[in-house]
Amino acid sequence: MARTFRAAGLRVAVQRFRVPERGHSRNVIGVVDTPRTCLRIVMAHTDTAAGAPGANDNASGLGVLAALAGRMRRIEPGCDVWLAATGAEERVYTGSPDHLGALALARRARARGGERRVRFALSLDEVGRDRPFWLRSPAPSPRRRVEGSLLRAARRTGVPVSWVRDEGTGNSDHREFELLGLPGLKLGVGAGGEPCRHLPCDVPSRLDPVSLRLARRVAEAALVR
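So, here's what we can say about the structure. (Residues numbered from 1 in each chain as written. Predicted model: local features only at pLDDT ≥ 70, side-chain atom pairs only at ≥ 80, totals over all residues. Heavy atoms only, no water.)

## So, the pattern of salt bridges
Applying the stated criterion to the full structure yields 14 salt bridges. A salt bridge links Arg175 to Asp98, with the shortest nitrogen-to-oxygen separation between them at 2.9 Å. Residue Arg175 is located in helix H7 (residues 174-179), and its partner Asp98 is located in the loop between helix H3 (91-94) and helix H4 (100-111); the two are separated by 77 residues in the primary sequence. Among the salt bridges present, the one from Arg175 reaches Glu176, with a minimum N-O distance of 2.4 Å. With a relative accessible area of 10%, Arg175 lands in the buried category. (Salt bridge = Lys/Arg side-chain N within 4 Å of Asp/Glu carboxyl O. Helix = DSSP H or I, 4+ residues; strand = E, 2+ residues; numbered from the N terminus. Buried < 20%, exposed > 50% of the residue type's maximum accessible area, 1.4 Å probe, protein only.)

## Regarding the state of the cysteines
Tallied over the entire structure, the rule returns two disulfides. Two residues, Cys38 and Cys79, share a disulfide whose sulfurs are 2.0 Å apart. Measuring the twist about the S-S bond at about -95 degrees, one finds the Cys38-Cys79 disulfide to be left-handed. Within this pair, whereas Cys38 is found in the loop between strand E2 (23-32) and strand E3 (39-45), its partner Cys79 is found in the loop between helix H2 (55-69) and strand E4 (80-86), the two being separated by 41 residues in sequence. For Cys38, a relative accessible area of 3% gives the class buried. Cys79 gets classed as buried once you look at its relative accessible area, which sits at 3%. The side chain of Cys196 participates in a disulfide bridge whose partner is Cys201; the two sulfur atoms lie 2.0 Å from each other. (Disulfide = S-S within 2.5 Å.)

## Comments concerning the packing of H2 against helix H8 (residues 209-224)
Relative orientation of the contacting elements H2 and H8 amounts to 55 degrees, with a least axis distance of 9 Å. Relative to H8, the element H2 is oriented oblique. Relative to H8, the crossing made by H2 is right-handed. Here Ser60, Val64, Ala67 and Leu68 of H2 come into contact with H8, specifically with Leu212, Ala215, Arg216, Ala219 and Glu220. Grouping the constituent residues of the contact of H2 with H8 by class yields six nonpolar, one polar and two charged. (Axes fitted to C-alpha atoms, helices over the stretch in contact; angles between N-to-C directions. Parallel < 35°, antiparallel > 145°, perpendicular 65-115°, else oblique. Left-handed = near helix turned anticlockwise from the far one by under 90°. Contact = heavy atoms within 4.5 Å. Nonpolar A, V, L, I, M, F, W, Y, C, P; charged D, E, K, R; others polar.)

## A look at the nonpolar core
In this structure, Leu83, Leu122, Val161 and Leu187 are the most contacted members of the largest nonpolar core, which totals 40 residues. Beyond its immediate stretch of four places on either side in the chain, Leu187 contacts Leu122, Ser123, Leu124, Asp125, Val127, Phe133, Trp134, Leu135, Val161, Ala215 and Val218. (Core = buried A, V, L, I, M, F, W, Y, C linked by side-chain atoms within 4.5 Å.)

## Quick look at the sheet that holds E3
Strand order across the open sheet formed by eight strands is E1-E2-E4-E3-E5-E8-E6-E7, with mixed pairing between neighbours. Either end of the sheet is taken by a strand with one partner, and the two such strands are strand E1 (11-19) and strand E7 (161-165). The average undirected angle you get between the axes of adjacent strands in this sheet is 25 degrees. When E2 meets E4, the two strands line up antiparallel, connected through five bridges. (Pairing = 2+ DSSP bridges.)

## Points about the side chain of Asp80
Inspection of the secondary structure assignment puts Asp80 in strand E4. Residue Asp80 is classed as buried on the basis of its relative accessible area, which comes to 9%. Only 2.7 Å separates the side chain of Asp80 from the backbone nitrogen of Thr34, close enough to count as a polar contact. Within polar-contact distance, the side chain of Asp80 engages the side chain of Arg117 at 2.9 Å. With sequence-adjacent residues up to four places away left out, Asp80 is seen in contact with Val32, Asp33, Thr34, Arg36, Cys38, Leu39, Arg40 and Arg117. (Polar contact = N/O pair within 3.5 Å; in protein donor to acceptor, adjacent residues only side chain to side chain.)

This is the structure we're talking about:
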C-alpha cells in the first residue's frame, strides 16, 4: 500500500503501534493536503483468519483504497484526505476488545485537531460483492454531514446504498472513531452478509468487479464535496 500511495503522488506516513503480546503492527497512510482545514478519512484493513484467503474480508476494501489513491490527482477533494490501510483489525486474533489499528489512527486524528477537523472516517469493509450496500454507524439517525454526505454521494452516482444503524458499538474500524467522539461509519455488504467470512471459501473468484467499482465511486464522490 505504501508503494501504491507513493506511485499515486501521495505523501506517505507509517504509524507503528503495539499489539499486546504480539509485537507491533502499523498503519500506512496516504495523505492528500489541500488548502482546507477539514479532514476526511477513508480506511480499510488487512483482515483474515487462519485458513481463510480473505478476498472480500477485507482485500476488497484495500483494493478500493488503492483505486482511490490512483484518482486523487484527477479530483479536487473538498478537505484534506487520509487514505489509511490499518493493521491488527481482527479482534479474534489480537484478543483485544478494540480494532487496534483503527484505535491508533483515531488517536492520531484526534491529536491533530480531529474534533474540529474530521468530517467523517469511512471504513470500507467487505465491498466486493452483493448490493445494495449497507452504510452503518451507531448514530440514532443519519447525520447531515456524516451519513448524509455518503448517502448524497450514492444518489449522485446512482449506487444503491441503504443506511442501517449498527448493533451496539459497531464491528469495523469506524467503531474506534465513534468511541473517541469522532464521526465514523462503514460501507459494506448488505442484508445477505458475508457467508464466507473467516472461511476457506472467501476466494478472489467470488469478487464482483462491478461492486468494487461502485464502492470506489461512492467514496470518491463523498471526498469531492
